[in-house]
Every structure is written in C-alpha cells, then in structure tokens.
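Take a look at the letters that make up each chain.
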Amino acid sequence: MTTSKLPATVRIVEMGPRDGLQNEKQLVSTNTKVELVRRLERAGLKAIETTSFVSPKWVPQMGDNSEVLTRVLAAAALGVAYPVLTPNLKGFEAALAAGAREVAVFGAASESFSQKNINCSIAESLERFRPVTEAAQAAGVKVRGYVSCVVGCPYEGAVAPQAVADVAATLIEMGCYEVSLGDTIGVGTPASIVRMLEAVAKRVPVEKLAGHYHDTYGMAVANVHASLQMGVAVFDASVGGLGGCPYAAGASGNVATEDVVWLLNGLGVDSGIDLDALVDTAAWISAQLGREPASRVARAVLAKRAKAACA
Ligand SMILES: CC(C)(COP(=O)([O-])OP(=O)([O-])OC[C@H]1O[C@@H](n2cnc3c(N)ncnc32)[C@H](O)[C@@H]1OP(=O)([O-])[O-])[C@@H](O)C(=O)NCCC(=O)NCCSC(=O)C[C@@](C)(O)CC(=O)[O-]
C-alpha cells in the first residue's frame, strides 16, 4: 500500500513537555515546563502535548498538570493546540477545569501493557474512554486517541497488527479525530511498521493516523520515512529525543523532533518548523536536565556552530 508521492506537508505533534518529561526522576519545575512550551511555540510547533491528567501517585512528574496547563493557556499562541492526556472522566474533568480544548485518551494493543499502564484491561479502558469522548463532544473539546505497543510489548513480545487495528478502529468509532500509533518500546523496523499500518489502514483512513515512534533501537527515523511513503502525514516527536514511558522499562525517548525535521527538510516536505530554533530548544532543555541532547541532529548542528565560532 505504498504511495508514490510523499505528503507535501507534515504536522508534528510535539511530545517533549509530556512524554519527554514524564519519566524524569528529578521533579522538573513548573516554570521550566512552561518555558519549554514557550520555546517550542517560537520554533514553530503548532501542536504541543502539554501535560497529562493522570494520577500523581502513578506519575509524580505530571503532578503540576493544572498549573502548567493554566499558565500555558493564559498566554496561548495563535493557532497552537495544547492537547493533554486524560485516561478517564476524572482526568477529563480536571483538564476541562484548567481550560483544555483538546485531550487524548490512551489505550494499548497489548493486555499486559494496558494493565501495567492504566490498571485495566483493553476492553475496560475502552469503556472508560467512551464517557470521556462523550463529555468532550458535549464541551466542544477535540479528542485524540493513542494505541500503545503497536508492534511490540515489553511484557508479551510481538503484537498482532490485527489487535492494533481493532483498538484504533474503536477509538475512531468513539469520536477520536485521529489515532496515534505508538511503538512504545521502539522495536519496530520499516517492515513491521508497514505491516502494522497496512492492517490499520484497512479499518481507519490513513489521513486519521499518526506515527508515534520511540527510538530505542535507532529505527525511528526510518520508521517515519516508511510511514510517509504510506501517506501518513502526522508524527509525534520529542525535542532533544527526551522521554520514555514509566511502564516500559528501558525504552528510550520519542524520535527527536529535530531528527524528523532534518529528514523532512531533506525530502522537501514542509513542517513549518525552524530547525535552528528547535536545536536551541533541545540544547536548552537538555541543559536544564543536566545532559547533552540525545539527538544526532542536535549534536551535529551544535558541533558545527561551535566549530564556526572558533574559526
Ligand atoms: C489511569 C489511572 C488513573 C487508573 O488508576 P487506578 O488506581 O486504577 O484508578 P482508580 O479509579 O481506582 O482510582 C484510584 C485513585 O486514583 C485517583 N485517580 C483516578 N484517576 C485519576 C486521574 N485521572 N487523575 C488523578 N487522580 C486520579 C482516584 O481519585 C483515586 O484516588 P484515592 O481515592 O486513592 O486518593 C492510573 O493507572 C494512572 O494514572 N496511570 C498513569 C498512566 C500514565 O500516565 N502512563 C504514561 C503515559 S502513556 C504513554 O506514555 C504512552 C504514549 C501515550 O505516549 C504512547 C506510546 O508511546 O505508546
């Protein structure tokens, strides 16, 4: 099902403030989180997943969710969406009270991961999401859906493409405007990603699919390229390659936003993102966390700048 033409434009959904930071052991200050969003806006990101309304006992790093979202929305940039994760009605109500205009429900294609991540089976999770999508619709709030473990699960191993298609189709039927397909542990390769996308695309139009690829085995950019060739035009990515899921030990961050932008620039596909400003942001947030940016592109651009400054 490859398409000969790549999409002319791609929408990147920035994961840094949520997926990127949720697994940081040291609590990141609310000021730093808000400043990260501001810098991402200035780099041209139009969708920035800002926080998650999950239990602070499960994910302490997101415990300042209401304050982060309220402060971000108080100076929202024109045309930028600030989705937040909401696993259930309680999370949705708290997100709505903080002003959310877009939320995301998150399920999985693997039973064990669903239990570890959100403490319920896949079927129970879908039952919990339905009242969220109904309440969101009544409040005029957009809902995005996620499916985790689309090629592999940290507890069960390989995941059948059909299981991914079933959950994705149910999320769309429930009213999600788009489903993001998460290779949570980054084990996918172009071949397994294409097999999975072919199964899902039989049930959900490709225009409603997004790729969410972690870079554990260094395949995420290749997986983005393979997905582009199948017509997928929305990708989740995390500045500086930050991140990891608390319930997928050893998995590294999302594909770095700057790596995706470098790929897209090379392909002549427009993302509307300023690579230099993005690399500055990767360097800034990595310094806040006391490390170098993980991404190859950020390190290469920063090294080139340092060399030019010495010349
Ligand atoms: C889903 C729950 C809440 C179920 O947790 P639970 O314990 O089954 O919930 P419960 O309904 O039995 O309630 C237990 C307690 O949690 C509270 N509670 C209940 N709901 C909420 C809420 N929304 N916000 C705040 N508090 C909440 C509730 O009020 C109660 O408090 P208590 O009476 O004990 O004081 C829990 O399992 C949880 O928070 N899990 C965290 C999941 C998470 O954030 N995972 C990481 C994000 S997903 C991800 O990274 C993957 C993704 C999306 O990026 C894609 C990919 O890469 O694959």
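What you see is a predicted model; the values in this text were computed from it and never measured.

Caption draft 1: Examining the packing of aromatic side chains more closely. Throughout the structure, instances matching the rule amount to zero aromatic pairs. Over the ring of Y146 we find R18; its NZ or CZ atom is 5.9 Å from the centre of that ring. In this structure, K116 is placed above the aromatic ring of Y155, and the distance from its NZ or CZ to the ring centre is 5.3 Å.

Caption draft 2: Up close: the environment of S55. If you trace the backbone, S55 turns up in the loop between β3 (51-52) and α3 (65-74). Judged by its relative accessible area of 30%, S55 is partly exposed. With 63 residues separating them in the primary sequence, S55 and I118 have C-alpha atoms 9.7 Å apart. A polar atom in the side chain of S55 sits 3.1 Å from the backbone nitrogen of K57.

Caption draft 3: Main features of unusual backbone geometry. In the Ramachandran plot, N119 falls in the positive-phi region, its phi being about 65° despite a non-glycine side chain. Tracing the backbone through its elements, the reader meets N119 in the loop between α5 (111-118) and α6 (122-139). Despite not being glycine, C149 has its phi angle at roughly 60°, a positive value. Its location among the elements puts C149 in the loop between β6 (142-148) and β7 (152-153). Given the relative accessible area of 0%, C149 is considered buried.

Caption draft 4: The arrangement of the site of the ligand in detail. Contacts to the ligand come from 26 residues, most closely from N88, N117, N119, S148 and T184. Contacts to the ligand include V54, whose backbone N or O atom sits 3.4 Å from a nitrogen atom. Taking S148, its side chain carries an N or O atom lying 2.6 Å from an oxygen atom of the ligand. Considering the ligand on its own, with 1100 Å² of exposed area, one finds that the protein chains cover 74% of that surface. Judged by the proximity of its atoms to the pocket grid, the ligand belongs to the largest pocket. Those elements that place two or more of their residues in the shell around the ligand are α1 (16-20), α4 (89-97), α5 and β6.

Caption draft 5: A look at the pairing of strand β10 (residues 209-213). Counting buried positions along β10 gives five out of five residues, so the element sits mostly inside the fold. Bridge analysis of strand β9 (residues 178-183) against β10 gives five bridges, and the strand direction is parallel. Within β10, the residue paired with S180 across the bridge is A210. A crossover links β9 with its parallel partner β10, the connecting element being helix α8 (residues 190-201), and its sense is right-handed. Examined bridge by bridge, β10 and strand β11 (residues 234-237) share two bridges and lie parallel to one another. By the bridge assignment for β11, H212 is matched with D236. At this point the chain moves from β10, through helix α9 (residues 220-229), to the parallel β11, and the crossover so formed is right-handed.

Caption draft 6: Highlighting the packing of α6 against helix α7 (residues 161-174). Orientation of α6 relative to α7, taken along the N-to-C sense of each, is 20°, at an axis distance of 10 Å. If you check the angle between α6 and α7, you find them roughly parallel. As for the relative orientation of α6 and α7, their crossing is right-handed in sense. Across from I122, L126, F129, R130 and T133 in α6, the residues of α7 making contact are V167, T170, L171, E173 and M174. Per-class residue counts for the contact of α6 with α7 are six nonpolar, two polar and two charged.

Caption draft 7: Local environment of the layout of surface pockets. Within this model, the largest pocket holds a volume of roughly 700 Å³. What lines the largest pocket is a set of 39 residues, and nearest its centre among them are V54, P87, F106, N117 and I118. Breaking the lining of the largest pocket down by element, the ones donating at least two residues are α1, α4, α5, α6 and β6. Split by residue class, the lining of the largest pocket holds 19 nonpolar, 15 polar and five charged. As a volume, the second largest pocket reaches approximately 330 Å³. The class makeup of the residues in the lining of the second largest pocket is five nonpolar, 11 polar and seven charged.

Caption draft 8: Quick look at the packing of helix α11 (residues 275-288) against helix α12 (residues 296-310). Running from amino to carboxyl end, α11 crosses α12 at an angle of 100°, the nearest separation of the two axes being 10 Å. By the criterion of interaxial angle, the relationship of α11 to α12 is roughly perpendicular. Contacts from L275, D276, V279, D280, A282 and A283 of α11 reach α12 at V297, A298, V301, L302 and R305. A class-by-class count of the residues in the contact of α11 with α12 yields eight nonpolar, no polar and three charged.

Analysis parameters
- Residues numbered from 1 in each chain as written.
- Predicted model: local features only at pLDDT ≥ 70, side-chain atom pairs only at ≥ 80, totals over all residues.
- Heavy atoms only, no water.
- Phe/Tyr/Trp six-rings, centres within 6.5 Å; stacked < 30°, edge-to-face > 60°.
- Lys NZ or Arg CZ within 6 Å of the ring centre and 35° of its normal.
- Helix = DSSP H or I, 4+ residues; strand = E, 2+ residues; numbered from the N terminus.
- Buried < 20%, exposed > 50% of the residue type's maximum accessible area, 1.4 Å probe, protein only.
- Polar contact = N/O pair within 3.5 Å; in protein donor to acceptor, adjacent residues only side chain to side chain.
- Near = heavy atom within 4 Å.
- Areas by Shrake-Rupley, 256 points an atom, 1.4 Å probe, with all protein chains shown as cover.
- 1 Å grid on protein atoms, 1.4 Å probe; cavity = no way out; pocket = protein on both sides within 12 Å on 5 of 7 lines; lining within 4 Å.
- Sits in = over half its atoms within 2 Å of the grid points.
- Pairing = 2+ DSSP bridges.
- Right-handed = clockwise from strand over helix to strand, strands pointing away.
- Axes fitted to C-alpha atoms, helices over the stretch in contact; angles between N-to-C directions.
- Parallel < 35°, antiparallel > 145°, perpendicular 65-115°, else oblique.
- Left-handed = near helix turned anticlockwise from the far one by under 90°.
- Contact = heavy atoms within 4.5 Å.
- Nonpolar A, V, L, I, M, F, W, Y, C, P; charged D, E, K, R; others polar.
- Points joined across faces, edges and corners; volume = space filled by probe spheres on them.

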